[in-house]
Structures are given as C-alpha cells and as structure tokens.
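Given next are the chains, with one letter for each unit.
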Amino acid sequence: MAAGKYMLKVFGCQMSFRDGESLAGQLQQVGYLPTDDESKADIIVFQTCCVRESAERKIYGRINQLKGLKNNKPALIIGVSGCLAQKDRELVFKRCPHVDFVLGTHQLGKLPQVLTDLSTFRHLILVDEAGQDFESMPAVRTQGVRAYVNITYGCSNFCSYCIVPYVRGVERSRELQDIVLETKAAIEEGYPEIMLLGQNVNTYGLDLNRKGTNFVSLLKTLDSMPNLKRIRYMTSHPRDFTKEMVETVKNARSICEHFHLPIQSGSNRILSSMNRGYTRDHYLQLIDGIRVLIPGASITTDLIVGFPGETEADFADTLDLVERVQFDAAYTFMFSPRRGTKAATFNDQIPSKVKKERLKYLNTIQGRNSRMRNQLLIGQDVEVLVEGVSKNNAEMLAGRTRTNKLVHFKGSKQLSGELVTVSIKGAYTWTLHGRLVS
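Quick caveat: nothing in here was measured; it's all calculated off a predicted structure.

A.B. asks: So what about the side chain of Asp100? Which residues, and what values?
C.D. replies: Turning to its location among the elements, Asp100 is positioned in the loop between α5 (90-95) and β5 (101-103). Judged by relative accessible area, Asp100 falls into the buried class, the value being 7%. Polar side-chain contacts of Asp100 include one of 2.7 Å to the side chain of Arg122. Once you skip the residues sitting within four places of it in the chain, Asp100 turns out to touch Lys70, Leu76, Ile77, Ile78, Phe93, Leu118, Arg122, His123 and Leu124.

A.B. asks: Before we move on, could you go through the packing of helix α13 (residues 312-325) against helix α14 (residues 352-375) and cite the residues and values that matter?
C.D. replies: At a minimum axis distance of 10 Å, the contact between α13 and α14 shows a crossing angle of 10°. Considering the angle they form, α13 stands roughly parallel to α14. Of the residues in α14, those touching α13 at Glu312, Phe315, Leu319, Val322 and Glu323 are Arg358, Tyr361, Leu362, Ile365, Gln366, Arg368 and Asn369. In terms of residue class, the contact of α13 with α14 is built from 6 nonpolar, 2 polar and 4 charged.

A.B. asks: How would you explain the nonpolar core if you had to name every residue and give the values?
C.D. replies: Formed by 53 residues in total, the largest nonpolar core has its most connected members in Leu196, Phe215, Tyr233 and Phe259. Here the element with the most residues in this core is helix α12 (residues 280-293); it accounts for 6 residues. Apart from residues no more than four positions distant in its own chain, Phe215 is found in contact with Ile151, Leu196, Val201, Asn202, Tyr204, Tyr233 and Met245. One finds Ile44, Phe46, Ile59 and Ile63 within the second-largest nonpolar core, a separate group that totals 24 residues.

A.B. asks: Now, about the sheet that holds strand β6 (residues 124-126): what can you tell me, with residues and values included?
C.D. replies: Spatially, 6 strands are ordered β2-β1-β3-β4-β5-β6 in an open sheet, and the strand pairing comes out parallel. Edge strands, defined here as strands with exactly one partner in the open sheet, are β2 (32-34) and β6. Neighbour-to-neighbour, the strand axes of this sheet turn through a mean angle of 25°, independent of strand direction. Pairing geometry for strand β1 (residues 4-10) and β2, over 3 bridges, is parallel. Its bridge partner being in β2, Gly4 is matched across the sheet by Tyr32.

Reading guide: rules and limits
- All residue numbers here refer to positions counted from 1 along the written sequence of the relevant chain.
- It should be noted that, the model being predicted, local features are given only for residues of pLDDT at least 70 and side-chain atom pairs only at 80 or more, the latter also being counted only at that level, while totals for whole chains, interfaces and linings use all residues.
- Hydrogens and water are ignored here; the side-chain numbers use all heavy atoms of the structure.
- A run of DSSP states H or I qualifies as a helix once it reaches four residues; a run of E qualifies as a strand once it reaches two. Both are numbered from the N-terminal end.
- Three exposure classes are used, based on accessible area relative to the maximum for each residue type with a 1.4 Å probe and protein chains only: buried under 20%, partly exposed in between, and exposed over 50%.
- Pairs of N or O atoms are called polar contacts if they sit within 3.5 Å, as long as, within protein, a hydrogen donor faces a hydrogen acceptor (for residues adjacent in sequence, only side-chain-to-side-chain pairs).
- Any two residues whose heavy atoms approach within 4.5 Å at even a single point are treated as in contact.
- For helices, the axis comes from a line fit to the C-alpha atoms of the stretch in contact; other axes are also lines fit to C-alpha atoms, and the angle between any two N-to-C directions lies between 0 and 180 degrees.
- Every angle not falling under 35 degrees, over 145, or within 65 to 115 is termed oblique; those three ranges are roughly parallel, roughly antiparallel and roughly perpendicular.
- Under the convention adopted here, Pro, Cys and the residues Ala, Val, Leu, Ile, Met, Phe, Trp and Tyr are nonpolar, Asp, Glu, Lys and Arg are charged, and Gly plus all remaining residues are polar.
- Take the buried residues of types Ala, Val, Leu, Ile, Met, Phe, Trp, Tyr and Cys, join any two whose side-chain atoms come within 4.5 Å, and each joined set is a nonpolar core.
- Each pair of strands is called paired provided DSSP finds at least two bridges between the two strands.

Encoded structure:
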C-alpha cells in the first residue's frame with residue numbers, strides 16, 4: 001500500500017536535477033507515489049540551488065507560497081534539500097517556519113530516516129559532511145532521452161566567487177566500475193544519451209591515485225559500450241583541459257563534439273582575482289586547438305560581468321575575447337556575492353546598475369554571434385537525436401545535434417529517441433529549423 005503522494009520541486013543545475021532523481025527513488029522505495037497536484041501531495045520537497053542570490057530569492061518565495069496549504073493541511077510534510085539547505089541550515093526555519101526538515105547535500109540518502117523521525121521531532125536538520133554512501137541510493141530517472149550519471153561529487157577549485165565547495169564538499173571521484181554499471185543500466189533502460197556530471201570532469205580520478213584512472217580513460221571505456229548512441233559531459237575547467245581530451249573526442253564514436261569551457265572573464269586581472277588558474281592566452285590556445293582538430297565542434301562558455309573591481313578595461317577584455325572566440329552560445333550572469341566566499345568580502349563591489357548595463361551589452365554581442373554561428377549550418381544535413389514534441393509547437397519535433405544545437409522539424413512522434421538526419425533550412429539565435437531527410 002502506498003504511503004501517500006509526493007511532489008518534487010527541483011531548482012538549479014544538472015547535478016541538482018540528478019539529486020532530485022535520487023530523492024524520487026527513495027520516496028518511491030518507501031511507498032510514495034508522484035503527483036503534480038500540490039493539494040494532493042502528502043510530502044513536498046524542494047531540491048535547491050544557491051549559486052546566485054536570484055535563485056535563493058526565488059526558492060524562498062516558492063516555499064513561502066505553501067504557508068496557506070500547510071495551514072489547511074497540517075499533516076503535509078515540507079522539506080528543503082540540496083545546496084541551499086546545506087548553506088542556510090537553521091536559517092531555513094527562521095525564514096520559512098512551516099518547513100519540517102532540512103536535508104543537506106551530504107545526507108541526501110537519509111530521506112526515509114527523516115520521514116520516520118518526524119513522527120517524534122517537529123523540525124529536523126541533517127547536514128553533517130560524513131557518512132553518506134551515494135552508491136546505495138535508489139533513483140527514478142526522468143523520462144526522456146538523456147540519463148545523468150555523476151562521475152564526481154564536490155569541487156576542490158575554490159574559485160573566489162563560488163559557493164559549491166562549501167556546500168558540496170571537496171571533489172570525490174566515483175569508482176570506474178560503479179560509473180560503468182550505472183551507465184550500462186541506463187542503456188538497458190532505453191536511454192540513448194548519457195550526460196556525465198562533475199563540477200570539473202577533467203580531474204576525474206586524480207583523487208583515487210590509481211595509474212590509468214582519469215577522465216580520458218573513462219571516456220574511452222564508455223565509448224566502447226554497445227548501444228550507447230551519445231556521450232556528453234558537464235563541466236570542463238580550462239585549467240585542466242588538455243589536447244588529449246580533444247583527440248579523444250575526435251577519435252570517438254559516441255562522444256559529442258561540443259565543448260563547454262567556462263572562461264568567466266576575458267581579463268587576466270579578474271581571472272587572477274577569481275582564482276581561476278589560467279590566463280586568457282592559455283584559454284585562446286585551447287580554443288585554437290579545438291578548432292584545428294575538430295573544425296565543426298561547437299564551443300560554449302560561462303561569463304560573469306561585474307565581478308568586484310571589474311573596470312571598463314576589464315569588461316572590454318571580455319568583449320574582445322567573446323568576439324575573437326565566436327562562441328556558439330554563452331551562459332551570462334551578473335556577479336552575485338555568496339556569503340562564505342572570498343569575493344563576497346571584496347571591497348570594490350560593482351553597482352547593480354553598472355552590472356545590468358554590462359550584461360545587456362554582452363548579451364547583445366553574444367546573441368549576434370550565436371545567430372551567425374547557427375547560420376553557417378544552413379543547407380547542411382546534420383544528425384539529430386529526437387527528444388520529442390517541441391515545447392513551443394505541438395506540430396513540430398525537437399532534437400539536438402551532436403554539437404548540442406536545438407533543431408525543430410516536422411516528423412512522427414514515434415521518432416522520439418531515434419537518430420535522424422535533418423537538413424537545416426533556417427537559423428536563429430537559439431534554435432535551428434529544418435526538414436527531415438531520413
């Protein structure tokens with residue numbers, strides 16, 4: 001008999017999304033069934049992010065929207081898990097007194113225990129940084145064509161602006177055999193694409209101190225697995241990116257020719273202040289290496305504007321780099337001070353108005369570049385993995401190229417999960433439009 005119904009509200013990156021699948025697995029293991037109706041839920045869990053202040057405000061706002069529901073349904077259990085839970089801990093209860101439990105990133109697998117203990121305690125906090133066995137957690141994967149597989153947990157880079165090492169701990173690599181087993185299971189479940197997850201996938205295996213266990217060897221091992229159509233990974237750190245990684249992608253069968261290399265800033269002075277560990281010249285050399293070995297590859301990045309002390313000259317360096325590289329796309333952000341990070345203590349914070357102006361201008365430049373890069377594909381036939389019906393047009397299908405470009409085209413819904421050939425007829429800033437060839 002089912003214990004009741006649950007609802008998950010997931011915010012943040014792919015890792016948070018994958019954590020949500022683990023929460024769902026635990027809830028279903030103890031008898032809960034999923035629901036999309038808040039009024040029918042017996043437990044609602046917010047799987048959270050705290051990378052930017054805007055994300056925090058949004059999450060706290062959504063949690064507080066449930067006050068009325070909790071008053072009308074006192075037995076409803078409301079929980080907060082993930083990065084925000086790890087960072088704010090008791091503060092969650094102060095801001096949202098109707099919350100029942102806080103579950104940190106290191107104790108994700110303790111959800112059934114928490115639900116049992118709530119029969120005795122009014123509020124529960126589990127945020128200790130030891131004792132979690134991630135391999136033992138069940139998971140319920142979201143339907144679709146892509147399965148997310150963690151290869152590392154945490155991060156040891158300590159970029160001055162980033163909260164991740166403080167809420168997810170230092171980097172820990174999974175054993176190769178555990179990654180292979182999970183990938184094999186996902187393939188058997190019918191997922192044609194695997195997304196490998198890590199804050200810095202390039203350093204996978206280094207903490208295991210085993211000769212031959214590294215990111216390149218992992219990619220080659222997975223690439224040899226039958227029935228796996230595509231491999232992607234997120235995210236690479238430019239400091240640890242190598243020519244061997246590019247060569248591995250070039251020579252592979254299933255690894256996609258898409259390189260996401262977050263530069264963050266085009267200014268050497270700002271990169272140093274960010275503790276990124278590379279220079280713009282080093283970064284440009286990496287880009288040149290990719291373009292030479294895999295001319296058709298797509299290159300995307302992350303950019304932060306308004307970092308403390310960023311002058312007009314520093315911002316101009318970022319614009320210059322954006323124009324030189326011609327990124328296919330960029331995720332752009334205004335600097336958001338995170339309590340507990342070094343950058344939050346820097347004195348020369350940039351006014352919000354200046355940050356907004358710089359972000360707007362940067363987005364204008366990058367939007368133009370993205371459109372130009374997409375227009376180069378007009379007239380070409382490209383391989384597309386069909387993801388399903390387009391979210392914006394029920395009469396169209398949507399899928400992605402190996403270079404991670406979104407394509408819309410007409411075709412049968414039965415093609416979902418299949419690799420098809422599409423001739424590109426139109427190109428826009430964010431999408432491509434095409435005609436099904438085969």
